[in-house]
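Structural characterization, general
Here is how the chains run, residue by residue.
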Amino acid sequence: MSSRATQATTAPTLRTPVGIGWRHPHYAELLETLPELDFLEVHSENFFAPGGAALAVLREARAHYPVSLHGVGLSLGSASGIDPWHLERLAELVQTIEPVRVSDHASFARGFLAAGSAIHAADLLPIPFTQDALHVLCANVERVQDRLKRSMAVENLSAYIDWAGADMSEPEFLSTLASRTGCGLLVDVNNLYVNARNAQLRDPAVDPMATCCDWLDAMRPAQVAELHLAGHVQVDGIVIDDHGSRTCEAVWSLYQHALQRLGAVPTLIEWDTDVPALSVLLEEGQRARSVARAALDTATDTTDNTPHAAREATA
């Protein structure tokens, strides 16, 4: 494969694969310049149409880089189940692209009105951390994995409301999901910090950094398949996960802590609003590599650096 992608087979044992979210403004430039990246990540739903220019561009990128498919529409936490049309389009895309990873969110958006017509919230809505919600999530994840014939990864959410009556913490909820279904976990470090900052705005006694470190320390390294880094913004007393700026210093610190805890996990730079020049994304990716090298150099000997098979990573 003619490629500028860095090759995992020749990399040091603890090298952290780093990729960027590949968005439309950078399609042409990236294919012309082929910067050194370990993988690209795209939103699955943007490539569901059969044939056409979008899929042709993705095929061209796949000739040079491993591709990770990150979805926003499966509604894995929906009690109404998985939309068959959506799952079939995803399965066809997976077969075509042969992605290195497939992921979506621990959220819901899909339901039915009393008359029986389906509705979709067009948003990632949080699910309660209860046994009933876990049962639904597990069943939906298993259905997706059975259809795709592969493991997927499920991402923690930035949530702006809390459900009452939780049976367990979020790390316990997600870890149990992974144990029961064999899925991996996609840990969005920025989402953790956004949630902790909003908790602090409600209760000044909350320490966001300590809260996030405790969350990360509760994860099982072998279950974590990918990490996400992104920017956020505070507006009118709420912190919003808008993916519209550089990763802040606090999240970089948490990323270092995550790698020391979890090992050399593939890492993505996300940027979805106010998309900057490609060079800015590449700078963020380079910083991720630098932070990862420093983190893994200082990691203790007890760190599990042979994580989930979904990290198979970048070939």
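The structure reproduced in this document is the subject of the present report.

How each quantity is defined
The residue count restarts for each chain, going from 1 along the sequence in the order it is written. Predicted model: local features are reported for residues with pLDDT of at least 70 only, side-chain atom pairs are reported and counted for 80 or more only, and whole-chain, interface and lining totals are derived from all residues. Side-chain numbers here rest on the full set of heavy atoms in the structure, without hydrogens or water. Each residue is placed in one exposure class: buried if its accessible area under a 1.4 Å probe, protein chains only, is under 20% of its type's maximum, exposed if it is over 50%, and partly exposed if it falls in between. Here a strand is any run of E in DSSP of at least two residues, a helix any run of H or I of at least four, and the numbering for each starts at the N terminus. Note on pairing: two strands pair once DSSP finds at least 2 bridges between them. We count a salt bridge whenever a side-chain nitrogen from Lys or Arg sits within 4 Å of a carboxyl oxygen from Asp or Glu. Multiplying 1.5 Å by the helix residue count minus one yields the expected span of that helix. In this analysis, two residues are considered to be in contact whenever any of their non-hydrogen atoms come within 4.5 Å of each other.

Let us look at the pairing of strand E9 (residues 224–229). In terms of residue burial, E9 counts as a mostly covered element, since six of its six residues are buried. Two elements, E9 and strand E12 (residues 267–269), share three bridges in a ladder whose sense is parallel. Across the sheet, His228 pairs through a bridge with Leu268, a residue of E12.

Further remarks concern unusual backbone geometry. Notably, Leu34 is not glycine yet its phi reads approximately 45°, a positive angle. Its location among the elements puts Leu34 in the loop between helix H1 (27–33) and strand E2 (39–43). For Asp274, which is not glycine, the phi torsion reads 50° and is therefore positive. On the accessibility criterion, Asp274 (66% relative accessible area) is exposed.

Let's shift gears to the pattern of salt bridges. Tallied over the entire structure, the rule returns 10 salt bridges. The residue Glu88 makes a salt bridge to Arg147 at a minimum N-O spacing of 2.8 Å. Of this pair, Glu88 sits in helix H3 (residues 84–97) while Arg147 sits in helix H4 (residues 131–148); the two residues are 59 residues apart in sequence, bridging distant segments of the chain. Asp162 serves as the salt-bridge partner of Arg202, at 3.5 Å between the closest nitrogen and oxygen. Of this pair, Arg202 sits in helix H6 (residues 189–202) while Asp162 is found in the loop between strand E7 (153–155) and helix H5 (170–181), placing the two residues 40 residues apart along the sequence.

This next bit is on H4. For H4, with 18 residues, the first-to-last C-alpha span of 26 Å sits near the 26 Å given by 1.5 Å per residue. The complete set of buried residues in H4 reads Ala133, Leu134, Leu137, Cys138, Asn140, Val141, Val144, Gln145 and Leu148. On its buried side, H4 packs onto H3, strand E4 (101–105), E7 and H5. Where H4 ends, the next residue or the one after it, Lys149, has phi of about 60°, a positive value.

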